[in-house]
Amino acid sequence: MISTLVLNRSSLAFIESDNPDRISDFCQNPQSVVWADVTDPQDQDFDDLAREFGFHPLAIEDCRHPHQRPKIDEYSGYYFIVVYEASLNEDCQLELCELNIFLGPNYLVTVHSQPIRAIENARKHWRSWTDLAERRTGLITYLLIDHIVDEYLSLLDRLSDRLEDMEEQIFDDFRPEALEEIFRVKKQLLFMRHTVAPVREVFNTLLKREQPIFSRETMVYFQDVYDHLIRVVEAIDTLREIVGSTMDAYLSVSGNRLNKVVKQMTAISAILMSITLISSIYGMNFQFMPELGARYGYVGALSSMLVVGVGLYFHFRKINWL
């Protein structure tokens, strides 16, 4: 389904339409700023886009086939952009929603198969920012992608909180399942890195002004988004370093716990072996054996085993093996 929202820059009035045949009429008016949003596109929707806007078949083909790499393709008079909105679901699994954008001087076309929260946010702010109507579709693009980038920062804050919780689990209450959680966060950060890093190239291309679609004043907004993207990439790299440190801490704590257990088992074995040595000697059935016929030989043997065991116990306690 194609829904169209049109701003008349002269009257600052909005017009909504669900008729794709009117899009070309809106675009022919130089005072109009057209935003066509295509939700869950079908073959007919792609045909309508190609007919109304004259988009290149390669760009339409990229829209038809999802899971494109974040990128920007430059065509005559417009750009084709692919970005992803990221979020964490209730199970803390990373979800990426693909958003395809056709960006022209007085029109913006968004194509997506899944709900995009940034679209509703951009629509709301665009209606309240009519005093900046001269920025045309550059303003909409800024509102749209800026919200997506801000969501990246919010998501990274949640991942940072999870890393702090995992560190507490490792040092305060060691949990073996924390290692699985560490690897999950590491994988999510890797996906985020692959999703965000190419978007920088998108804004690099827009800021080079190879196509004079937007004014220099509009480029200031794109520069702001680019700065936010730099922050996001730096935050991802920082969190990846923290994940590596957390994993090293986990392995270190795990190794220390293992060493402690080995020491305890060694100390217990040494105590039992010493006691067993005494009992095994006096358990031999030789006829001529010292103290074998002594009246207090049994008590003496038990006493010696007790003395040796207690002595070894306090020795191992002193050296922190028990």
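Residues numbered from 1 in each chain as written. Predicted model: local features only at pLDDT ≥ 70, side-chain atom pairs only at ≥ 80, totals over all residues. Heavy atoms only, no water.

(A) Fine view of the overall build of the protein chain. Scanning the protein chain for helices and strands turns up eight helices and seven strands. Taking 2.2 N^0.38 as the reference for a compact globule, 322 residues should give roughly 20 Å; the C-alpha atoms of the protein chain span a radius of gyration of 35 Å, well beyond that estimate. With the principal axes as the frame, the protein chain shows a C-alpha extent of 120 × 40 × 30 Å. Sorting the 322 residues of the protein chain into buried and exposed places 44% on the buried side. For the protein chain, contacts bridging at least 24 residues in sequence account for 65% of all contacts bridging at least 6. Here the protein chain displays about 17,500 Å² of accessible surface, and carbon together with sulfur accounts for 53% of that area. Each charge sign in the protein chain was given a centre, from 31 positive and 47 negative side chains, and these centres are 7 Å apart. (Helix = DSSP H or I, 4+ residues; strand = E, 2+ residues; numbered from the N terminus. Rg over C-alpha atoms; globule rule 2.2 N^0.38 Å. Buried < 20%, exposed > 50% of the residue type's maximum accessible area, 1.4 Å probe, protein only. Contact = heavy atoms within 4.5 Å. Areas by Shrake-Rupley, 256 points an atom, 1.4 Å probe, with all protein chains shown as cover. Lys, Arg positive; Asp, Glu negative; His and termini not counted. Charge placed at Lys NZ, Arg CZ, Asp CG, Glu CD.)

(B) Geometry of the packing of helix α5 (residues 137-171) against helix α7 (residues 216-281). Packing of α5 against α7 leaves a shortest axis separation of 10 Å and a crossing angle of 15 degrees. Overall, the two elements α5 and α7 adopt an arrangement that is roughly parallel. Once α5 is placed against α7, the crossing between them reads as left-handed. (Axes fitted to C-alpha atoms, helices over the stretch in contact; angles between N-to-C directions. Parallel < 35°, antiparallel > 145°, perpendicular 65-115°, else oblique. Left-handed = near helix turned anticlockwise from the far one by under 90°.)

(C) Quick look at a negative patch on the surface. Taken together, the side chains of Asp157, Asp161, Glu164, Asp165, Glu168, Asp172 and Asp173 present a region of like negative charge at the surface. Looking at where glutamate 164 falls in the secondary structure, it is placed in helix α5. Among the residues examined, glutamate 164 registers a relative accessible area of 45% and is labelled partly exposed. (Patch = residues over 30% accessible without salt bridge, like charges linked within 9 Å, V, L, I, M, F, W, Y side chains within 5 Å. Salt bridge = Lys/Arg side-chain N within 4 Å of Asp/Glu carboxyl O.)

(D) Here's a closer look at the pairing of strand β7 (residues 107-112). Counting buried positions along β7 yields six of six residues, so the element is predominantly enclosed. Taking every second residue as pointing to the same face, both faces of β7 are buried, with Tyr107, Val109 and Val111 on one and Leu108, Thr110 and His112 on the other. Relative to β7, strand β3 (residues 32-39) runs parallel, the two sharing six bridges. Within β7, the residue paired with tryptophan 35 across the bridge is leucine 108. Judged from the four bridges that link them, strand β6 (residues 94-103) and β7 form a sheet pairing that is antiparallel. By the bridge assignment, asparagine 100 is partnered in β7 with valine 111. (Pairing = 2+ DSSP bridges.)

(E) Structural detail: the side chain of asparagine 121. If you trace the backbone, asparagine 121 turns up in helix α4 (residues 117-128). What makes asparagine 121 buried here is its relative accessible area of 18%.

(F) Highlighting the environment of leucine 155. Considering the arrangement of structural elements, one finds leucine 155 in helix α5. In the structure, leucine 155 is positioned 59 residues away from leucine 96 in sequence and 12 Å away in space, judged by C-alpha atoms. If near-sequence neighbours (up to four positions away) are discounted, leucine 155 is found in contact with Ala86, Ser87, Leu88, Leu94 and Met192.

(G) Here's a closer look at the packing of aromatic side chains. Under the criterion given, the structure shown has 14 aromatic pairs. Ring geometry for phenylalanine 55 and tyrosine 107: centres 6.0 Å apart, planes at 50 degrees, overall tilted. Separated by 52 residues along the polypeptide, phenylalanine 55 in the loop between α2 (43-53) and α3 (57-64) and tyrosine 107 in strand β7 bring together distant segments of the chain. Overall, phenylalanine 55 belongs to the buried group, its relative accessible area being 5%. The buried category is assigned to tyrosine 107, whose relative accessible area is 10%. (Phe/Tyr/Trp six-rings, centres within 6.5 Å; stacked < 30°, edge-to-face > 60°.)

(H) Quick look at the nonpolar core. Judged by nonpolar contacts, the single largest core of 88 residues is most densely connected at Phe102, Val109 and Phe203. No other element matches the 16 residues that α5 contributes to this core. The residues contacting phenylalanine 102, other than those within four sequence positions of it, are Phe55, Ala59, Ile60, Cys63, Tyr78, Tyr79, Phe80, Tyr107, Leu108, Val109 and Val111. (Core = buried A, V, L, I, M, F, W, Y, C linked by side-chain atoms within 4.5 Å.)

(I) Region of interest: the sheet that holds strand β4 (residues 71-75). Across the sheet, which stays open at both edges, the seven strands sit in the order β2-β1-β3-β7-β6-β5-β4 with mixed pairing between neighbours. In the strand order of this sheet, the two ends are held by β2 (13-17) and β4, each with one partner. In this sheet, neighbouring strand axes are inclined to one another by 20 degrees on average, regardless of whether the strands run parallel or antiparallel. Bridge analysis of strand β1 (residues 2-8) against β2 gives five bridges, and the strand direction is antiparallel.

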